[in-house]
Amino acid sequence: MKTALITGASSGIGQAAAIELSQKGYSLILIARRRDRLEQLKSKILNSTDNQNIIVECYTLDLKEQTSIKNWFQENIKNLEKVDILINCAGLARGISKVQDSNLLDWNEMIETNINGLITMTRLLIPNMIKKNKGHIVNLGSIAGRWSYTGGSVYCGTKHFVKAFSEALRQDLIGYNIRVTNIEPGMVNTEFSNVRLRDDKKAEEVYKGFSPLTAKDIAEIIVWSLERPQHVNIQEMVVFPTAQVSATQVYRELP
Ligand code: 8X3
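Definitions and cut-offs
- Throughout this document, residue positions are counted from 1 along each chain, in the order its sequence is written.
- Restriction of local features to residues with pLDDT of at least 70 applies here, the model being predicted, together with a cutoff of 80 or more for giving and counting side-chain atom pairs; totals for whole chains, interfaces and linings are based on all residues.
- Computation of side-chain values covers all heavy atoms of the structure but excludes hydrogens and water.
- Basic side-chain nitrogens of Lys or Arg form a salt bridge, by our definition, when they fall within 4 Å of a carboxyl oxygen of Asp or Glu.
- Numbered from the N terminus, helices here are DSSP runs of H or I no shorter than four residues, and strands are runs of E no shorter than two.
- Burial here depends on accessible area, computed with a 1.4 Å probe over protein chains only, as a share of the maximum for the residue type. Under 20% is buried, over 50% is exposed, and the range in between is partly exposed.
- By the convention used here, strands pair only if DSSP detects at least 2 bridges between them.
- With axes taken as lines fitted to C-alpha atoms, and helix axes fitted only over the stretch in contact, angles between N-to-C directions fall between 0 and 180 degrees.
- Throughout, a residue-residue contact means that at least one pair of heavy atoms, one from each residue, lies within 4.5 Å.
- Note on terminology: angles under 35 degrees are roughly parallel, angles over 145 are roughly antiparallel, angles of 65 to 115 are roughly perpendicular, and the others are oblique.
- Note on convention: near helix rotated counterclockwise from far helix by under a right angle means a left-handed crossing. Clockwise means right-handed.
- Residue polarity is assigned by list, with Asp, Glu, Lys and Arg as charged and Ala, Val, Leu, Ile, Met, Phe, Trp, Tyr, Cys and Pro as nonpolar; anything else, Gly included, falls into the polar class.
- A cavity here means a set of 1 Å grid points, computed over protein atoms only, where a 1.4 Å probe fits but cannot escape. A pocket is an open set with protein on both sides within 12 Å along at least 5 of 7 lines, and lining residues have an atom within 4 Å of a point.
- Grid points are joined across faces, edges and corners, and a volume is the space filled by probe spheres set on the points.
- Note on definitions. A residue lies near a molecule or strand when any single heavy atom of the residue is within 4 Å of it.
- For the purposes of these results, a polar contact is taken to be a pair of N or O atoms within 3.5 Å, where, inside protein, one atom must be able to donate a hydrogen and its partner to accept one; residues adjacent in sequence count only when each atom of the pair is a side-chain atom.
- Accessibility throughout is a Shrake-Rupley quantity obtained with a 1.4 Å probe, and a residue counts as covered only by protein chains that appear here.

**So, the pattern of salt bridges**
So, step 1. According to the stated counting rule, one finds 15 salt bridges in the structure shown.
So, step 2. Where Arg198 meets Asp106, a salt bridge forms, and the shortest distance between an N and an O atom there is 2.9 Å. Of this pair, Arg198 sits in the loop between α6 (192-197) and α7 (200-206) while Asp106 sits in helix α4 (residues 104-132); the two residues are 92 residues apart in sequence, bridging distant segments of the chain.
So, step 3. Since its relative accessible area comes to 10%, Asp106 is described here as buried.
So, step 4. The shortest N-O distance in the salt bridge between Lys216 and Glu220 comes to 2.7 Å. Separated by four residues within a single helix, Lys216 and Glu220 lie in helix α8 (residues 215-226), roughly one turn from each other.
So, step 5. Overall, the relative accessible area of 43% leaves Lys216 in the partly exposed class.
So, step 6. Several salt bridges converge on common partners, so that one network encompasses Arg146, Lys163, Glu167, Glu184 and Glu236.

If you want it as structure tokens, here you go:
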């Protein structure tokens, strides 16, 4: 029985990945800020499976707080030894302003979550994977990590970081039988735009007139990557909705 730890598990791709993985018989360690959402997800997963062997554990943690992550890790170090798979889903975008108009607090929040949270979690969980000579780290990058666009400076920067970090990590881990996968989706209809725009009406507009990707689409790809034989590593995967052809070009059919 494999155990996957998922950050950002209370919504979007993290939540969908938890559901898909539970259906494949993986045990889960779910991490997010919102306890109520995690508990709801846990109940949903356990109620929809007949597999008595699946264990679902929830931890409330803010990935922006490096000290909290370190303390949590120390407190649970023994329990975390069973983690075979780390899925770094926690991440967000804030704002679509140009650099000259941007809010520094928004920048910090993205850098702390998308970069510091991801590297801290990875750094803490790797030694045990090295000890076991086995593991898989899946990072949620973005097409914004390949192609920058106006209004996305720091968000795009953090996702370029995820790509660069994943590349170097793969090289650092050579010989330890640990796979590193960077999944890079285009537009996925989750709470991403509500968080980014802080406006539910505007967020709805983002996905109007075309079929965006769903969290399930990406979760299925994560599972597919994990389920390749151990000697196969999907290093990177760029996934767009069919109607989106670049970071800024989407074909919409609007009335
Ligand atoms: C999300 C994709 O195009 O909104 O990472 O930046 S995009």
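**Regarding the sheet that holds strand β3 (residues 56-60)**
So, step 1. The sheet built from seven strands is open, its strands ordered β3-β2-β1-β4-β5-β6-β7 with parallel pairing. Where the open sheet ends on each side, the last strands, each with one partner, are β3 and β7 (236-239). Averaged over neighbouring strand pairs, the angle between their axes works out to 15° when direction is ignored.
So, step 2. Pairing geometry for strand β2 (residues 27-32) and β3, over five bridges, is parallel. In the sheet register, Leu28 faces β3, and the bridge partner there is Val56.
So, step 3. Of the strands in this sheet, β1 (3-7), β2, β4 (85-88), β5 (135-140) and β6 (178-185) are in contact with helix α1 (residues 12-23), which crosses β1 at around 165°.
So, step 4. Contacting β1, β2, β4, β5 and β6, α4 crosses the sheet at an angle of about 170° to β4.

**Quick word on the packing of α1 against helix α2 (residues 35-47)**
So, step 1. At a minimum axis distance of 10 Å, the contact between α1 and α2 shows a crossing angle of 25°. In this view, α1 runs roughly parallel relative to α2, as classed from their interaxial angle. Of the two possible hands of crossing, α1 and α2 adopt the one that is right-handed. Contact with α1, carried on its side by Gln15, Ala18, Ile19 and Ser22, involves Leu41, Lys44 and Ile45 of α2 and no other residues of that element.
So, step 2. When grouped by side-chain class, the residues that make up the contact of α1 with α2 number four nonpolar, two polar and one charged.

**Focus: the layout of surface pockets**
So, step 1. In this structure, the largest pocket occupies an estimated 1200 Å³ of space.
So, step 2. Forming the walls of the largest pocket are 49 residues, and the residues nearest its centre are Leu92, Tyr155, Thr190, Phe192 and Ser193.
So, step 3. The set of elements that each furnish at least two residues to the lining of the largest pocket consists of α1, β2, α4, α5 (153-172) and α6.
So, step 4. Looking at the lining of the largest pocket element by element, the count peaks at five residues for α6.

**Some thoughts on the site of the ligand**
So, step 1. The environment of the ligand is made up of Ser142, Ile143, Ala144, Tyr149, Tyr155, Gly186, Phe192 and Arg196.
So, step 2. Here an oxygen atom of the ligand sits 2.6 Å away from a polar atom, N or O, in the side chain of Ser142.
So, step 3. In the model, an oxygen atom of the ligand is placed 2.4 Å from a nitrogen or oxygen of the Tyr149 side chain.
So, step 4. Contact with the protein chains hides 87% of the accessible area of the ligand, taken as 240 Å² for the molecule alone.

**Let's talk about the pairing of β1**
So, step 1. With five of five residues buried, β1 is to be regarded as a mostly interior element.
So, step 2. Burial along β1 is two-sided: Thr3, Leu5 and Thr7 facing one way and Ala4 and Ile6 facing the other are all buried.
So, step 3. Strand direction decides the pairing type here: β1 and β2, joined by five bridges, are parallel. Across the sheet, Leu5 pairs through a bridge with Ile29, a residue of β2.
So, step 4. Bridge count between β1 and β4: four bridges; the pairing is parallel. Note on β4: the bridge partner recorded for Ile6 is Ile87.

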